[in-house]
Amino acid sequence: MTQQTSRPRIALTFGDPAGVGPELVARQLAQASTTEAADILLIGDEQELTDAMADAGVEFTWTREAGTGVPQLIDNGGERPEGGFVRQQATREGGRWAMASLRTALELSKAGEVDAIVFAPLNKSSLHLAGMQENDEMSWFETVLDDGTAATELNVLPELVTARVTSHCSLAEVAGLIDFDLVVERGELLERVLRARGIEAPRIGVCALNPHAGESGKFGREEIDIIAPAIEELRSRGVDASGPFPSDTIFLKARDGAFDGVLTMYHDQGQIAVKLLGFDRGVTMAGGLSVAVTTPAHGTAFDVVGQRVASTGAYEHAFSTAVGVGAQRRAARELA
């Protein structure tokens, strides 16, 4: 068992071994501020760690012992292919390895050993080649945890958080999936996440689904029949929610400081805006799970692997977000 300290315990995984993830993790761990902020459980194996430091051109002290104040390496139990991993492309072997590390981190969270998980970028093609049946890693986390909690994807910038009512589904399905209870549920989740970030009175803007917010029913009735009533219900529960606002203007309001969070109706409605506002700072967070899970919003960046030019901004923000939420969850458990 990991020795407990007052710092949150954060599990880090290297992501897909074909991408820039190992380099990002090593560069993060080379900063003294990382181990000052949290106790680090590094999931992988010694070869992956050695390769990551070589990718990044850094070195740092690590150990297999708990409670030493330096990153603790925990073997993921995965199968390393003979000759190593193919770089810069999706492979079954890379997906299996990444999933083994994530499974180990999730099992540690179930055992109460970690307060948050940060995973470096994954490749969905690799994961599906490796046998993942779920649409995305968020749904796979639910399967592994198997504790009744459900994930929803949030996107986090330093100045703004977005949540979605629907996520990885076709546009043809979106309207049929939006209902009153789901809008309320996701609005409340977004408020909890904002409060966990230290915002005492979060302001949430809610997107419309249709152009011009439906224009009084001319372009659809979802705003009238579902979204507006759900906003009223959120307000009755003490959530400062407003809208629905057309999606082509709501992020202009958010950029000007009107909202701390935005609730969108579908994937690209929020993703496009967030990536334009801060691609190199964006973080994806799995909200609603029994453990906080974060990752950079960008992908595996196969095109720059080995060049030491990948930006660390989003990964650093993913780590700091996990530290903040993990510390809150740890404190709440200790008070319970």
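Look up a bit, the structure's there.
First, a word on scope: everything that follows refers to the structure included in this document.

Cut-offs applied
Residues numbered from 1 in each chain as written. Predicted model: local features only at pLDDT ≥ 70, side-chain atom pairs only at ≥ 80, totals over all residues. Heavy atoms only, no water. Phe/Tyr/Trp six-rings, centres within 6.5 Å; stacked < 30°, edge-to-face > 60°. Helix = DSSP H or I, 4+ residues; strand = E, 2+ residues; numbered from the N terminus. Lys NZ or Arg CZ within 6 Å of the ring centre and 35° of its normal. Buried < 20%, exposed > 50% of the residue type's maximum accessible area, 1.4 Å probe, protein only. Contact = heavy atoms within 4.5 Å. 1 Å grid on protein atoms, 1.4 Å probe; cavity = no way out; pocket = protein on both sides within 12 Å on 5 of 7 lines; lining within 4 Å. Points joined across faces, edges and corners; volume = space filled by probe spheres on them. Nonpolar A, V, L, I, M, F, W, Y, C, P; charged D, E, K, R; others polar. Core = buried A, V, L, I, M, F, W, Y, C linked by side-chain atoms within 4.5 Å. Pairing = 2+ DSSP bridges. Axes fitted to C-alpha atoms, helices over the stretch in contact; angles between N-to-C directions. Disulfide = S-S within 2.5 Å. Parallel < 35°, antiparallel > 145°, perpendicular 65-115°, else oblique. Left-handed = near helix turned anticlockwise from the far one by under 90°.

### Re the packing of aromatic side chains
For step 1, the next point in the chain: One pass over the full model with this rule turns up four aromatic pairs.
For step 2, the next point in the chain: Measuring from centroid to centroid gives 5.6 Å for Phe 245 and Phe 259, while their planes differ by 45°, and the two rings are tilted. You can see Phe 245 sitting in strand S8 (residues 240-245) and its partner Phe 259 sitting in the loop between helix H10 (250-255) and strand S9 (261-264), a full 14 residues away along the chain.
For step 3, the next point in the chain: Of the aromatic side chains, those joined through ring pairs into one cluster are Phe 119, Trp 140 and Phe 141.
For step 4, the next point in the chain: Over the ring of Trp 97 we find Arg 80; its NZ or CZ atom is 4.9 Å from the centre of that ring.

### Quick look at helix H1 (residues 21-29)
For step 1, the next point in the chain: The element H1 is largely enclosed, with a buried count of eight among its nine residues.
For step 2, the next point in the chain: Those residues of H1 not exposed but buried are Gly 21, Pro 22, Glu 23, Leu 24, Val 25, Ala 26, Gln 28 and Leu 29.
For step 3, the next point in the chain: Tucked into the core, H1 has its buried residues touching strand S1 (9-13), helix H2 (32-37), strand S2 (39-44), helix H3 (46-56) and helix H12 (313-335).

### Notes on the layout of surface pockets
For step 1, the next point in the chain: Here the largest pocket defines a volume of roughly 320 Å³.
For step 2, the next point in the chain: Contributing to the lining of the largest pocket are 16 residues, with Val 165, Thr 166, Ser 167, His 168 and Arg 186 lying nearest its centre.
For step 3, the next point in the chain: Elements supplying a minimum of two residues to the lining of the largest pocket: helix H6 (137-145), strand S5 (152-157) and helix H8 (180-196).
For step 4, the next point in the chain: Ranked by residue count, the leading element in the lining of the largest pocket is H6, at three residues.
For step 5, the next point in the chain: For the lining of the largest pocket, the per-class residue count stands at six nonpolar, six polar and four charged.
For step 6, the next point in the chain: Lining the second largest pocket are 16 residues, with Lys 124, Glu 137, Pro 296, Ala 297 and His 298 sitting closest to its centre.

### Remarks on the nonpolar core
For step 1, the next point in the chain: Among the nonpolar cores identified, the biggest contains 59 residues, and Ile 10, Leu 12 and Leu 263 are the most heavily contacted of them.
For step 2, the next point in the chain: Per element, the largest residue contribution to this core is seven residues, and it comes from H8.
For step 3, the next point in the chain: Sequence-distant contacts of Leu 12, that is, excluding residues within four places in its chain, are made with Val 25, Leu 29, Ile 40, Leu 41, Leu 42, Ile 43, Val 118, Tyr 315 and Phe 319.

### A look at the sheet that holds strand S10 (residues 283-287)
For step 1, the next point in the chain: If you trace the 11 strands from one edge of the open sheet to the other, you get S3-S2-S1-S4-S11-S10-S5-S6-S9-S7-S8, paired in mixed fashion. Unpaired on one side and paired on the other, strand S3 (72-75) and S8 mark the two borders of the sheet. The sheet shows a mean angle of 25° between the axes of neighbouring strands, taken without regard to direction.
For step 2, the next point in the chain: Where S2 and S3 come together, four bridges link them in parallel fashion. Among the inter-strand pairings, Ile 43 is bridged to a residue of S3, identified as Ile 74.
For step 3, the next point in the chain: Packing of helix H9 (residues 222-236) onto the sheet brings it into contact with strand S7 (203-207) and S8, and relative to S8 it is tilted by some 165°.
For step 4, the next point in the chain: In the packing of H12 onto the sheet, the strands contacted are S1, S2, strand S4 (116-119), S5, S10 and strand S11 (292-296), and the crossing angle to S11 comes to about 175°.

### Details of the state of the cysteines
For step 1, the next point in the chain: Applying the stated criterion to the full structure yields zero disulfides.
For step 2, the next point in the chain: Cysteine Cys 207 is unpaired, with the sulfur of Cys 169 as its nearest cysteine sulfur at 15 Å.
For step 3, the next point in the chain: The exposure class assigned to Cys 207 is buried, which follows from its relative accessible area of 0%.

### Observations concerning the environment of Val 309
For step 1, the next point in the chain: Among the secondary structure elements, Val 309 is positioned in the loop between S11 and H12.
For step 2, the next point in the chain: The class of Val 309 is exposed, set by a relative accessible area of 54%.
For step 3, the next point in the chain: Each C-alpha atom, one on Val 309 and one on Val 20, is 9.6 Å from the other, the two residues being 289 residues apart in sequence.
For step 4, the next point in the chain: Apart from residues no more than four positions distant in its own chain, Val 309 is found in contact with Glu 23 and Val 304.

### Topic: the environment of Ala 66
For step 1, the next point in the chain: With respect to the helices and strands, the residue Ala 66 is situated in the loop between H3 and S3.
For step 2, the next point in the chain: Taking the C-alpha atoms as reference, Ala 66 lies 21 Å from Arg 333; in sequence the two are 267 residues apart.

### Observations regarding the packing of H1 against H12
For step 1, the next point in the chain: H12 packs onto H1 with a crossing angle of 60° between their chain directions and a minimal axis gap of 10 Å. As far as their axial angle goes, H12 and H1 are oblique. Here H1 and H12 pass one another in a crossing that is right-handed. Residues Leu 24, Val 25 and Gln 28 of H1 touch H12, and the partners they reach there are Tyr 315, Glu 316 and Phe 319.

### A short note on the pairing of S9
For step 1, the next point in the chain: The alternating pattern of S9 places Gly 261 and Leu 263 on one face and Val 262 and Thr 264 on the opposite face, and all of these are buried.
For step 2, the next point in the chain: The pairing of strand S6 (residues 160-164) with S9 spans four bridges and is parallel. If you follow Thr 162 over to S9, its bridge partner there is Val 262.
For step 3, the next point in the chain: Judged from the three bridges that link them, S7 and S9 form a sheet pairing that is parallel. Of the residues in S9, the one forming a bridge with Ile 204 is Gly 261.

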